[in-house]
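Observations on the three-dimensional arrangement
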Amino acid sequence: MTATALLLYFEDEHESALRLAGAAALVSAPIGRHRFPDGEFKLRLPASLPESVVLLRTLEHPNEKLVELLLAARTARELGARHLTLVAPYLAYMRQDVAFLPGEAVSQRIVGRFLADLFDAVITVDPHLHRIATLREAIPVPHAIALTGAALLADLIAGRRQRPLLVGPDAESAQWVAQAAARHGFDHAVCRKVRHGDRDVEIELPPVNVAGRAVVLLDDVASTGQTLASAARLLLAARAASVDVAVTHALFAGDALQVILDAGVGEVWSTDCISHSSNAVSVAPLIAAALSGITH
Ligand code: R5P
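Criteria and thresholds
The numbering scheme is per chain: residues are counted from 1 as the chain's sequence reads. The predicted nature of this model means local features are confined to residues of pLDDT at least 70 and side-chain atom pairs, given and counted, to a pLDDT of 80 or more, with totals for whole chains, interfaces and linings taken over all residues. As a convention, hydrogens and water are excluded, and side-chain values are obtained from all of the structure's heavy atoms. A run of H or I in DSSP counts as a helix once it spans at least four residues, and a run of E counts as a strand once it spans at least two, with each numbered from the N terminus. Note that the radius of gyration is over C-alpha atoms, with the globule rule given as 2.2 Å times the number of residues to the power 0.38. Type-normalised accessible area, obtained with a 1.4 Å probe on protein chains alone, sets the label of each residue: buried when under 20%, exposed when over 50%, and partly exposed for intermediate values. Residues count as neighbours in contact if any of their non-hydrogen atoms are within 4.5 Å of one another. Working definition: residue near molecule or strand if any one of its non-hydrogen atoms lies within 4 Å of it. Under the scheme applied, nonpolar residues are Ala, Val, Leu, Ile, Met, Phe, Trp, Tyr, Cys and Pro; charged residues are Asp, Glu, Lys and Arg; polar residues are all the others, including Gly. Among the buried residues, those of types Ala, Val, Leu, Ile, Met, Phe, Trp, Tyr and Cys that are joined through side-chain atoms within 4.5 Å form a nonpolar core. When DSSP locates at least two bridges between a pair of strands, those strands are taken to pair. Helix axes are fitted only over the stretch in contact, all axes being lines through C-alpha atoms; the angle between N-to-C directions runs from 0 to 180 degrees. Crossovers are described as right-handed under a simple rule: with the strands pointing away from the observer, the path leading from the first strand over the helix to the second runs clockwise. A 3.5 Å cut-off defines polar contacts: any pair of N or O atoms within that distance qualifies, except that in protein one atom must be a possible hydrogen donor and the other a possible acceptor, and neighbouring residues in sequence count only when both atoms are side-chain atoms.

Overview of the overall build of the chain
The number of helices and strands found in the chain is nine helices and 15 strands. Taken over the C-alpha trace, the chain has a radius of gyration of 20 Å; the compact-globule value for 296 residues is 19 Å, and the two agree within 12%. Dimensions of the chain along its principal axes, counting C-alpha atoms only, are 60 × 45 × 35 Å. With 296 residues in all, the chain has 51% of them scored as buried. Across the chain, every contact between residues at least 6 apart in sequence was considered, and the portion connecting residues at least 24 apart equals 65%.

Here we look at the site of the ligand
Taken together, 15 residues are adjacent to the ligand, and Asp 219, Asp 220, Ser 223, Thr 224 and Thr 227 come closest. Within the residue set of the shell around the ligand, elements represented by two or more residues are strand E10 (192-197), strand E12 (214-222) and helix H7 (226-237). Here the shell around the ligand gets four residues from one element, more than from any other, and that element is E12. Per-class residue counts for the shell around the ligand are two nonpolar, six polar and seven charged.

Comments concerning the nonpolar core
Ranked by size, the top nonpolar core spans 39 residues in total, and within it Leu 8, Leu 69, Leu 115, Phe 119 and Ile 139 carry the most contacts. Elements that contribute at least two residues to this core include exactly strand E1 (6-10), strand E2 (27-35), strand E3 (41-44), strand E4 (52-56), helix H2 (62-78), strand E5 (83-88), helix H3 (107-118) and helix H4 (135-138). Considering every element that reaches this core, the biggest residue donor is H2, with five residues. Apart from the residues within four sequence positions on either side, Leu 8 is in contact with Ala 29, Ile 31, Leu 45, Pro 46, Leu 49, Val 53, Val 54, Leu 55 and Leu 56. Judged by nonpolar contacts, the second largest core, of 26 residues, contains Ala 222, Ala 229, Val 243 and Ala 263.

What about the sheet that holds E12?
Spatial strand order, E9-E8-E12-E13-E14-E15: six strands in an open sheet with parallel pairing. Every interior strand has two partners, whereas the edge strands, strand E9 (187-190) and strand E15 (279-281), have only one. The mean inter-strand angle of the sheet, taken between neighbouring strand axes irrespective of direction, is 30°. Relative to E12, strand E8 (residues 165-168) runs parallel, the two being bridged by three bridges. Opposite Leu 166, over in E12, you have Val 216 as the bridge partner. Taken strand by strand, H7 contacts E12 and strand E13 (242-250), and its axis lies near 165° from that of E12.

Digging into the environment of Ala 105
Within the secondary structure, Ala 105 sits in the loop between E5 and H3. Taking relative accessible area as the criterion, Ala 105 reaches 47% and is therefore assigned partly exposed. Apart from the residues within four sequence positions on either side, Ala 105 is in contact with Gln 96 and Ile 110.

Some thoughts on the pairing of E8
With burial as the criterion, each face of E8 is covered, one bearing Leu 165 and Val 167 and the other bearing Leu 166 and Gly 168. Crossover handedness for the path E8 to helix H6 (residues 174-184) to E9: right-handed.

As for the sheet that holds E2
The seven strands lie next to each other as E3-E2-E1-E4-E5-E6-E7, forming an open sheet whose pairing is mixed. With partners counted over all chains shown, the strands left at the sheet margins are E3 and strand E7 (143-147), one partner each. Here the strands of the sheet are splayed against their neighbours by 20° on average, with no regard to which way each runs. Where E4 and E5 come together, five bridges link them in parallel fashion. Bridge pairing in E5 links Val 54 to Thr 85. Packed on one face of the sheet, helix H1 (residues 14-24) meets E1, E2, E4 and E5 and runs near 165° to E1.

Concerning the side chain of Asp 244
Here Asp 244 shows up in strand E13. Engagement of the side chain of Asp 244 in a polar contact is seen with the backbone nitrogen of Glu 267, the distance being 2.8 Å.

Function cannot be inferred from these measures alone, as they are strictly geometric.
Here it is as structure tokens:
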């Protein structure tokens, strides 16, 4: 990434953009956005752009944002950008990675290729890659960089809880739980989960003694909160001394945060990949380091 690269952002991500611009020593500029009465958008970028442009857009509530990316990326090329990097701290549509039923769209592959057509590089944090090993398999661009918030969350937990037991609520979380635990030598274990519907999950605790332990549930995403709430209820019933939650992506759809707190969870911590009141650590330095490693 050249020192003259410009960071473009949308006004609703002004604060995240300032943090990233500061950490990466980039000049930043907002993209103007007008919504017409019928819902269409008109975007306005700076009239001329440097060769290297970084576009920040975290992709929670992704549907309209994907259209914004299409308009912004194509316009940036017309205005002089030759190397276009998307920084999407949360990357949407990664969970549907196979057709579970005949006829289902494999969203991960489709959205991945859509982004690959627009950008030369994509940087994200803890994408939900379960059945594939690398982000590049989902988004075939020269630089497909998947960072992890596990170390940040591990450091945060180390500062807040004595001898915690990290628990992942399902098999997919094992990758993040293992990384976070290894960093500080925490005990760790992973539950089994069967999903019956959007808000209907069945959790089975791992065969470890949680009685008297300060348990921290660690996952990539909390969406409806049902996964974490179910796990928390079981852990408290098994006499855990406390249950807190640490997630990379604070999606928290609807009343999810309340659902989690009502289950007896003490504190909820998240990274600032998605702006939320639970944000406790910033991924900006991590993303800045990744940007500095991209050479066009
Ligand atoms: C899926 O495996 C993810 O890692 C999360 O566990 C899941 O998306 C959480 O969803 P919810 O909060 O709706 O239970």
